[in-house]
Amino acid sequence: MRSSNPVFSRRGFSRSGGYAGFGAAPQAGSPVAGQGNPYAQTQPPTNPYAAGDQQNLTPEQLQQMYGAPPAGPLQTGRMTMDDVVMRTGMTLGTVIVAAAAAWIVQLPVGVGFGAALVAMVLGLVQSFKRTASPALIMGYALFEGLFLGVISQVYNERWSGIPMQAVLGTMAVFVGVLVAYKTRLIRVNARFQRFVLAAAIGFVLLMAVNLLFALIGGGDGLGFRSGGLGIVFGLVGVVLGAAFLAMDFKQIEDGVQYGAPREESWLAAFGLTLSLVWIYLELLRLISIFRD
């Protein structure tokens, strides 16, 4: 059950004065605005994060500014890869700790699905917000972790060791997609994103119909989650999760290259967490079918 992943919100970073909020003129050494910068504005670029009007500065002040050492991302408040790694570590760490706690205290299944509902609401609220909210993201990670701990224990009671197999599989998918993206075996462009979005919409709609039939008629509904069809749809779900990861990597790469505000690293961490949780749950289902 992956209802807490708002698949349809695969958008860029938050907007403020331009697409993604950092459509300012590129920094030195970056591609020219409008040539490869997905965040460039169609109007003459202006920097919404500029501090003050330099026209009022005296010649002496301007000389001091030009003679000063160049400011790095830390001084300018721009997102760096270290920011993304740190925020992602915090978010995934919260998921893992919450899942372990739910497993140890053996939370009831009803509590676990209640936590999934709360995580879904928090995730959707963050997805539709214009800016990153660390409180919402960490809250999502906490309740999502509780749900994962409960559902993992349910699977483990029937198929011993399956959660660890799903964790190892998720790590393998992450590393594989990262290597493929860095070596440009996967190229994320507008066509790729449109295809993934269309496939995700179709996948989620089919799973929703299957769930509806299961609630009405019992069993596995239309059979999309068991047998041969279950294996096919499980593999499709994992591939979609891998595509989400590739899109996350592209957003992070663009954000660092074009100077996204440091706060946007929370959105990068949020997107990575959503994708990894999606892959883990799809692998749980897929492995359970193989072991059945």
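One can find the structure itself at the top, above this paragraph.
Because the structure is predicted, anything quoted here is derived from the model rather than measured.

**Things to note about the packing of helix H6 (residues 162-182) against helix H9 (residues 265-291)**
Now for step 1: Put simply, H6 and H9 touch, their axes get as near as 8 Å, and they point 130° apart. Between H6 and H9, the angle is such that the two are oblique. Classified by chirality, the crossing of H9 by H6 is right-handed. Taken together, the residues of H9 that come into contact with H6 (itself represented by Ile162, Pro163, Gln165, Ala166, Val167, Gly169, Thr170, Val173 and Phe174) are Leu276, Ile279, Tyr280, Leu283, Leu284, Ile287, Ser288 and Arg291.
Now for step 2: Here the residues of the contact of H6 with H9 are counted per class, giving twelve nonpolar, four polar and one charged.

**Things to note about unusual backbone geometry**
Now for step 1: Phi is positive for Gln106, which is not a glycine, with a value near 55°.
Now for step 2: Residue placement: Gln106 occurs in the loop between helix H3 (81-105) and helix H4 (109-128).
Now for step 3: The backbone of Arg184 shows a phi angle near 65°, a positive value even though the residue is not glycine.
Now for step 4: With respect to the element layout, Arg184 can be found in the loop between H6 and helix H7 (190-217).

**Quick notes on the nonpolar core**
Now for step 1: Of all hydrophobic cores here, the largest spans 56 residues; its most connected members are Leu148, Leu245, Leu281 and Leu284.
Now for step 2: Every element with two or more residues in this core is listed here: H3, H4, helix H5 (134-158), H6, H7, helix H8 (227-257) and H9.
Now for step 3: The element best represented in this core is H9, accounting for 16 residues.

**Quick word on the packing of aromatic side chains**
Now for step 1: Scanning all chains against the criterion turns up eight aromatic pairs.
Now for step 2: Relative to Phe249, the ring of Tyr181 lies with its centre 6.0 Å away and its plane at 55°, an arrangement referred to as tilted. Of the two residues, Tyr181 sits in helix H6 while Phe249 sits in helix H8, which places them 68 residues apart along the sequence.
Now for step 3: Assessed through its relative accessible area of 5%, Tyr181 is described here as buried.
Now for step 4: A relative accessible area of 9% places Phe249 in the buried class.
Now for step 5: An aromatic cluster is defined as three or more aromatic residues linked by ring pairs; in this entry it consists of Phe203, Phe233, Phe244 and Trp278.

So, how was this worked out
Residues numbered from 1 in each chain as written. Predicted model: local features only at pLDDT ≥ 70, side-chain atom pairs only at ≥ 80, totals over all residues. Heavy atoms only, no water. Axes fitted to C-alpha atoms, helices over the stretch in contact; angles between N-to-C directions. Helix = DSSP H or I, 4+ residues; strand = E, 2+ residues; numbered from the N terminus. Parallel < 35°, antiparallel > 145°, perpendicular 65-115°, else oblique. Left-handed = near helix turned anticlockwise from the far one by under 90°. Contact = heavy atoms within 4.5 Å. Nonpolar A, V, L, I, M, F, W, Y, C, P; charged D, E, K, R; others polar. Core = buried A, V, L, I, M, F, W, Y, C linked by side-chain atoms within 4.5 Å. Buried < 20%, exposed > 50% of the residue type's maximum accessible area, 1.4 Å probe, protein only. Phe/Tyr/Trp six-rings, centres within 6.5 Å; stacked < 30°, edge-to-face > 60°.

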